[in-house]
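Each chain, letter by letter, is given below.
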Amino acid sequence: MDTNGQQGYEPSSTEVFSQIRQALEIVHSPQSTNEARREAQDFLEKLKGTSRGPLFGHNLGSDRSQPHIVRHYGLSLLEYSIRYQWSEYGEAQKEALLRWVLELSQTIAQDDPSFLRNKTAQLWIEVAKRSWGAEWMDMDTRLVELWNVPDSPAHKEFVLSVLETLSDEVFTGDDPVVSFREGILSKACVEIFTPTSVLVEVFPNRQAGPEVRHGHEGWLTRIAEFLKLCISSGLRDSQTESCAVKCLATMQTQLPWAIPKAIIAADAVEVLCGGLAVQSADVQKGALEALHGMYGRINFNDTEFHDLVVPMYREWPVQLFKNLFEYSQVDPNDIDDDKYLVLKKLSELLASIGEYLARKFDEVPEGTDVDPFLHLLIQVAQHQSLMVSIPAVVTWGKLLNCKSVSKDRFTNMIGPLLEIATTRLVRYEHLPEDSEEPPLLFLMEDTDTMPERHAFLGNYRRFTCQLVEAIVRLRLADAVTHILSTTDQVLHNLYPPGEGLNKQNYDKHSQPALRVDCQFTVIEAMLKGFKAWKTANSDREAIGSIEANLEAWCNKLIEIQFDDPVIRKRCLQLLVYFSTTALSNQTDFMLKVLEHILMTWPNPEPEYKAFNEAVKDLQGESMVELQRLASEMPDHLIDVYDQISHRVNEMLASGVLDEKRTIAYKSFLFIIVHRTDKINVDAKIPRLREFIDPVKSQWQDTTIQSSLGSYPGFCELLGLDKAQAYLAKHRAHEIQDWGSCPLDSEGLAIQAELEERLKTLPLRATKSFLAFSVERLSRSSPAFQASHALWQDGFTTILADVLRFLSYAHASHNPQNWMGVPPDMRSMVDRVLSDRFWQSGISEGSKDDFYARVQDKKGTVEGFASTVRGSVRFVRETAYSIIYCMSRLESLFYSDSQLAEPLAQSFFADSTWLSTHQQSHLLNLVRYLVDDCPVDCRQTFFPHLLEACFRQTDTKITGEWARMEEQKIISADGDSALKEEMKSESILRQVTYTATLMVADFLDPSKLNPRTLKPASEGEATVKYPTLRKFCLMNQQIVEPLLVFCAHGIRMKDTRCCSMILRLFVSLVPEFSSDPPGSKKAALPDVDNSPMSPEIASVIREYISTEVLQACITSFHEPYFVDLQKDLASLIASIVVHYGPLTTTPRNVILSLPNVKESDLERLGAYTAKPGSHTRQQRSIVLDMLKDLKGVSVAEMGKMVKSTGFGNSNRGRKPTRTKMAQAFMEAAAPAQGGNPLDSQPRGGTPDPLEGVSGLFDG
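Residues numbered from 1 in each chain as written. Predicted model: local features only at pLDDT ≥ 70, side-chain atom pairs only at ≥ 80, totals over all residues. Heavy atoms only, no water.

- In the nomenclature of an unreviewed UniProt entry, the protein chain corresponds to Armadillo-type protein from the organism Emericellopsis atlantica.
- Quoted verbatim from the Function (unreviewed entry) field of the UniProt record, the comment on the protein chain reads "tRNA nucleus export receptor which facilitates tRNA translocation across the nuclear pore complex. Involved in pre-tRNA splicing, probably by affecting the interaction of pre-tRNA with splicing endonuclease." (UniProt positions renumbered as here; feature names shortened; annotations may be inferred.)

If you want it as structure tokens, here you go:
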């Protein structure tokens, strides 16, 4: 690079400048041809890499006679040399670049276009990131000089832009150059922004470092003083307003990390509040953003709370907030984006300030009136936008739970808060799509997908219910009276006068049903609050009075006759909830509820399809509530068992009950006897055998046993042989639209026979009684001991038969096994057995519409296929549940040393033929079996099972991703095909996530070992066992397919899963180094911490150094993985620094890449002594070393490098949602308990398939 100013000109320079102007004209001219534009662009790009590029850049950029576009290109030449060639320059060349940047900065003028000033500021920042605090020590002095240029707003904005971007890049950015110099740059930033007096006070013993600051006041004080001057001038012109906005943007990046005493010294709170008071929307918004950044911090101590937070509770700031809140109101039908964003930020700001109040209420000085602030917080919670409301709702929950505050403190605020709760627990997701309800309109604006919407609404309901609970604990009697009376009003005014339920046009999500659900949800929250109140209070008289009121109200509810089955179902749920919680001691009431459930069995009305489906739901729910009552209240029910048993046996003997209802009533009686503590184990077992022995005898039936001898026998047992013959006879593979082809009498008869044959199988009864034998029981409980004795006889035989059932169900998905269908017709097997499902956001119509379409087609070939797949699915998924329940009887299940191989065979022999969506249940089952396996049974149980699991899962998922990529090359034919493709991709992503989560769980280093199956004998030495992670890694049979799956995961185009795999590998790499992390940890007393076999470690190292490293590099190069480049670089760096001293493979792989220099790789060598330290710097080296290989996102292709913007604090990379808002969009962790393979109970989490709302069950 030529560094001698004009001496660099050669005779060809003028010609080059002329060529540059011509090329830029061609590039920007709409008349240019594509070929000419491409040639011109190539010329301009090649010039950046030439030795004279920087000199051309300086001369063009500083020549004010040049057109603006030419000057901008000149600055781009300089930027390229700084960003990509800085490390190759000598000291003289770097000094010349710095000198040129300083000259350009000094000569900026107000009449320069903003893009030129932006680019100049970017040059300053790029040099600072590389040399400030080392070669360049007087940067702060230079900034102060520019700041003090008289009457030059342009220079002040320039300085503010530099400071804003530096602060943002150093403390929140992801630039690898900054990461590499993070320590120097962060310390220098703190130094120049903070007043000297504050540094001395906060760090009295700090060691003086290189002098980088100029003056003692610091930039935070300078900026605050200048902002105060701008505001006090009344923002007299656009330049002053622009400077004020820029000051606020700069403070916004500083306040989240600035030393609190520096914020106090700068009087920042007062100045920012002044910004809220001015009549400028941009300044108000900037002040709000800065305050939001500051009060988002949660670490202020008492003194800082007093100086920084308490002032916000005073009259002036609260009035400013209130004015801004009222000014920013928006119409939900025509949302002003800017105002709405201000509303959401203001809500979060007030919530953060309110949370400080909840934590430090007793620190508020006497005489401080916080009521105006609290009333404003109520106004925010009342806002029709749930996104605006939710931060305030959360904060109010914390305030009401604040133990340091008198319970009477919030008395006059309880009413409005309770009103919020009783009106906001509506299930908005069930409102019609064309609803004009403001909360729904705002919700549609705030959320992008249905799963996101459901997660947010779930969180809103959860926090609102917590608010109700807190209110009840504070004002029990008043709250209960208000809630029950409000509910009475709703129940007695469900329909307009003269109107009632319309069965013809029935809607299960009608307004009356939604209103009832809302009120009952409030009552359920009330009961939780009452339970908490009882725990903390011993006033028996008050408790008795409340319980009497509750019982009287419930008795009135029982007497009300509702026509709507959805409302009746909700009443059943609520009455059982009362009986098992607040009124759990009221036996007479419980019996009344029981009688109500038994009598609540409405007759079907098939002529009204939607209404009839709701009736079926009510029937199903009544059985669930019956079993819930038995589980929760067995000791009450056992006292009247004879009467209940007599009534149930009468119903069973009537012959009108179907199989499901028969099993439900029998299991109800079983649970009472099984769970009661009033009968000892020895007396229980004979009574329980009366229920279990008939189920066991079904397995001994000769028809069952002979049919399970072969796959053809299995088909005959289920009637699948007749179904195959029928489909072949009618050449179903040639019918395009199965739904439009009605069945003949033969088809209808076979369909009915398939359904009847399922009822003869012992699967449903076995699943039910096994589930109730083990669910939600501790292994030491008498009930569990009884279960062990009940199932011990015949356990092995039943398990073997269940495995055969499962094996044949899986085999049914393999077309080669459909012997009743000619080979040329077997292409239809996949079509027959692929589940149909409705998926939110992709499928046409609503979920109810989907179910209606499925029901309408039952009498067609599509319905016939649905019955076939329903039979196979029933066997498959019931077998999964039975196996899981049997595994809970650990000593019977895991003690069988011969089980692992047949289990793996039945699970995975034909598992690749299952559809992608059907893999999830199988993988979850494996995960639960592994988690529950006693630690001393792992060696016999895991190797066969996990080897088959990882090998087959990898084959299936990797193959599906390859197929997906192939399909994307071919455009989908029509809208229907596109939707099917979208559904398939969504399901594949979910199943990939399920598999990845399973692997991450197995390799979790914090996972503790479970108990042993056989307890150690007294005096016997304790046997040590490796953790599950180490067991998998040490076992060659397991680790090989496991790592192969993980390596393939790096290439799967799913950001969430790939990110998990990369983080997993980063934790795994050190395990196979010469000094694994576990070798230095203090060993737990029962954990085997012996080192891994050197031979296995060496083989794994080589695999990671080749296959995994190459997968990382390939993904690093592809545009899809651009958001994961930091994670990929971290793994690449970890492999090189950990394995570099042991093998040359990583080095050889890296050096085989184009444009990678050995000197760049050597920079990582400095970290091999301590590979676990300075990982961010290691990552930065890799990002810089592979910069020529980095993929660029499609959205960024062709864009200019981002530059700092004057007066614009919202740089492009910042997310539109705040961290708090994003947290509200994420579903809460599901509750544990019960059989995880069964559908979730009331109030549970949705189907694990993201966005899939339900499946049609045969």
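The rest of the description comes next.
## Points about the side chain of Thr-1145
- Along the chain, Thr-1145 turns up in helix α55 (residues 1145-1151).
- In terms of polar contacts, Thr-1145 uses its side chain to reach the side chain of Glu-1102, at 2.7 Å. (Helix = DSSP H or I, 4+ residues; strand = E, 2+ residues; numbered from the N terminus. Polar contact = N/O pair within 3.5 Å; in protein donor to acceptor, adjacent residues only side chain to side chain.)

## As for the state of the cysteines
- Summed over all chains, the structure comprises 0 disulfides.
- We note that Cys-571 lacks a disulfide partner, and the nearest cysteine sulfur, in Cys-554, lies 10 Å from it.
- Cys-571 sits in the buried class, given a relative accessible area of 5%. (Disulfide = S-S within 2.5 Å. Buried < 20%, exposed > 50% of the residue type's maximum accessible area, 1.4 Å probe, protein only.)

## Observations regarding the environment of Gly-296
- Looking at where Gly-296 falls in the secondary structure, it is placed in the loop between α16 (281-295) and α17 (302-309).
- Spatially, the C-alpha atom of Gly-296 lies 62 Å from that of Gly-794, the residues being 498 residues apart in sequence.

## Considerations on the packing of helix α18 (residues 315-327) against helix α19 (residues 337-359)
- Where α18 contacts α19, the two axes come as close as 9 Å, and the packing angle between them is 150°. Taken as axis vectors, α18 and α19 run roughly antiparallel relative to one another. The element α18 and its partner α19 pack so that their crossing is left-handed. Only Lys-339, Val-342, Leu-343, Leu-346, Leu-349, Leu-350 and Ile-353 of α19 make contact with α18, whose side of the interface consists of Phe-321, Leu-324, Phe-325 and Tyr-327.
- For the contact of α18 with α19, the residue count by class is 10 nonpolar, no polar and 1 charged. (Axes fitted to C-alpha atoms, helices over the stretch in contact; angles between N-to-C directions. Parallel < 35°, antiparallel > 145°, perpendicular 65-115°, else oblique. Left-handed = near helix turned anticlockwise from the far one by under 90°. Contact = heavy atoms within 4.5 Å. Nonpolar A, V, L, I, M, F, W, Y, C, P; charged D, E, K, R; others polar.)

## So, the nonpolar core
- By size, the foremost hydrophobic cluster in this structure holds 383 residues, and its most contacted members are Trp-396, Leu-550, Ile-883, Phe-893 and Phe-907.
- Considering each element in turn, this core owes the most residues, 14 residues, to helix α44 (residues 861-888).
- Discounting residues that sit within four places of it in the chain, Trp-396 has contacts with Leu-374, Leu-377, Ile-378, Phe-410, Met-413, Leu-417 and Leu-467.
- Ranked by size, the runner-up nonpolar core spans 14 residues in total, among them Val-16, Ala-23, Leu-24 and Tyr-73. (Core = buried A, V, L, I, M, F, W, Y, C linked by side-chain atoms within 4.5 Å.)

## Points about the confidence of the model for the protein chain
- Averaged over every residue, the pLDDT of the protein chain is 87; the share at 70 or more is 91%.
- When the criterion is pLDDT under 50, residues 1194-1215 qualifies, and its contacts beyond four places in sequence or with other chains add up to 44 contacts.
- A low-confidence stretch, residues 1239-1258 (pLDDT under 50), is modelled with 50 contacts involving residues beyond four sequence positions or located in other chains. (pLDDT = per-residue confidence, 0-100.)

## Points about empty space enclosed by the protein
- Within this structure, the stated rule accounts for 4 cavities of 30 Å³ or more.
- Looking at the largest cavity, its volume works out to about 90 Å³.
- Along the walls of the largest cavity sit Gly-61, Ser-62, Arg-64, Arg-71, Leu-75, Leu-104, Thr-107, Ile-108, Asp-112, Leu-116 and Thr-120, which together make up its complete lining.
- For the lining of the largest cavity, the per-class residue count stands at 4 nonpolar, 4 polar and 3 charged. (1 Å grid on protein atoms, 1.4 Å probe; cavity = no way out; pocket = protein on both sides within 12 Å on 5 of 7 lines; lining within 4 Å. Points joined across faces, edges and corners; volume = space filled by probe spheres on them.)

## Quick notes on the pattern of salt bridges
- Applying the stated rule across the entire model yields 65 salt bridges.
- The partner of Glu-157 in a salt bridge is Arg-117, and the shortest N-O contact between them spans 3.7 Å. Of the two residues, Glu-157 sits in helix α8 (residues 153-172) while Arg-117 sits in helix α6 (residues 114-131), which places them 40 residues apart along the sequence.
- Taking relative accessible area as the criterion, Glu-157 reaches 4% and is therefore assigned buried.
- Arg-117 gets classed as buried once you look at its relative accessible area, which sits at 8%.
- Residue Arg-475 is joined to Asp-478 by a salt bridge in which the shortest nitrogen-to-oxygen separation is 3.1 Å.
- In this structure Asp-478 comes out as partly exposed when scored by relative accessible area, which is 47%. (Salt bridge = Lys/Arg side-chain N within 4 Å of Asp/Glu carboxyl O.)

## Comments concerning the side chain of Lys-246
- As for its position among the elements, Lys-246 is in helix α13 (residues 238-254).
- A distance of 3.4 Å separates polar atoms of two side chains, one belonging to Lys-246 and the other to Ser-161.

## Brief notes about the packing of aromatic side chains
- By the definition in use, this model includes 37 aromatic pairs.
- Between the aromatic rings of Trp-124 and Phe-158, the centroid separation amounts to 5.7 Å while the plane-to-plane angle is 80°, which identifies the pairing as edge-to-face. Of this pair, Trp-124 sits in helix α6 while Phe-158 sits in helix α8, and the two are 34 residues apart along the sequence. The burial state of Trp-124 is the same as that of Phe-158; both residues are buried.
- Between Phe-456 and Tyr-460, the ring centres sit 6.4 Å apart and the planes meet at 40°, which makes this aromatic pair tilted. Of the two residues, Phe-456 and Tyr-460 are both situated in helix α24 (residues 450-474); the distance of 4 residues between them amounts to about one turn of the helix. The residues Phe-456 and Tyr-460 share a single accessibility class, namely buried.
- Chaining the aromatic ring pairs together yields one cluster made of Phe-300, Phe-305, Tyr-313, Tyr-356 and Phe-373.
- Here Lys-156 stacks its cationic end above the ring of Phe-226, 5.5 Å away from the centre of that ring.
- Over the ring of Tyr-356 we find Arg-359, and its NZ or CZ is 4.5 Å from the ring centre. (Phe/Tyr/Trp six-rings, centres within 6.5 Å; stacked < 30°, edge-to-face > 60°. Lys NZ or Arg CZ within 6 Å of the ring centre and 35° of its normal.)

## Comments concerning α13
- End to end, α13 covers 25 Å across 17 residues, agreeing with the expected 24 Å (1.5 Å per residue, within 8%).
- Here α13 starts with a cap whose side-chain oxygen sits 3.2 Å from the backbone nitrogen of Gln-239, and that cap is Asp-237. (Expected span 1.5 Å × (residues − 1).)

## Considerations on helix α41 (residues 795-811)
- The first and last C-alpha atoms of α41 sit 24 Å apart over 17 residues, in line with the 24 Å expected at 1.5 Å per residue.
- Of all 17 residues in α41, 12 are buried, a share of seventy percent or more.
- Inspection of α41 places Phe-795, Ile-798, Leu-799, Asp-801, Val-802, Leu-803, Phe-805, Leu-806, Tyr-808, Ala-809, His-810 and Ala-811 among the buried residues, and these make up the whole buried set.

## Some words on the packing of helix α21 (residues 386-400) against α24
- Running from amino to carboxyl end, α21 crosses α24 at an angle of 30°, the nearest separation of the two axes being 9 Å. For the crossing formed where α21 meets α24, the hand is left-handed. Mapping the contact onto sequence places Leu-386, Met-387, Ser-389, Ile-390, Val-393, Val-394, Trp-396, Gly-397 and Leu-400 in α21 and Phe-456, Leu-457, Asn-459, Tyr-460, Phe-463, Thr-464, Leu-467, Ala-470, Ile-471 and Leu-474 in α24.
- Across the contact of α21 with α24, the residue classes tally to 15 nonpolar, 4 polar and no charged.

## Examining the environment of Leu-376
- Within the element layout of this structure, Leu-376 appears in helix α20 (residues 371-381).
- Since its relative accessible area comes to 2%, Leu-376 is described here as buried.
- Separated by 220 residues in the primary sequence, Leu-376 and His-596 have C-alpha atoms spaced 47 Å apart.
- Beyond its immediate chain neighbours, meaning those up to four positions away, Leu-376 contacts Val-318, Phe-321, Lys-322 and Leu-350.

## Looking at a negative patch on the surface
- The grouping of Asp-282, Asp-331, Asp-334, Asp-336, Asp-337, Asp-338 and Glu-445 at the surface amounts to a negative patch.
- Within the secondary structure, Glu-445 sits in helix α23 (residues 438-446).
- For Glu-445, a relative accessible area of 42% puts it in the partly exposed group. (Patch = residues over 30% accessible without salt bridge, like charges linked within 9 Å, V, L, I, M, F, W, Y side chains within 5 Å. Areas by Shrake-Rupley, 256 points an atom, 1.4 Å probe, with all protein chains shown as cover. Lys, Arg positive; Asp, Glu negative; His and termini not counted. Charge placed at Lys NZ, Arg CZ, Asp CG, Glu CD.)

## Observations regarding unusual backbone geometry
- You will see that Arg-731, though not glycine, has its phi angle at about 45°, which is positive.
- Examined against the element boundaries, Arg-731 turns out to sit in the loop between α37 (720-729) and α38 (745-759).
- The phi dihedral of Arg-776 is positive, around 55°, even though this residue is not glycine.
- Positionally, Arg-776 belongs in the loop between α39 (763-774) and α40 (782-792).

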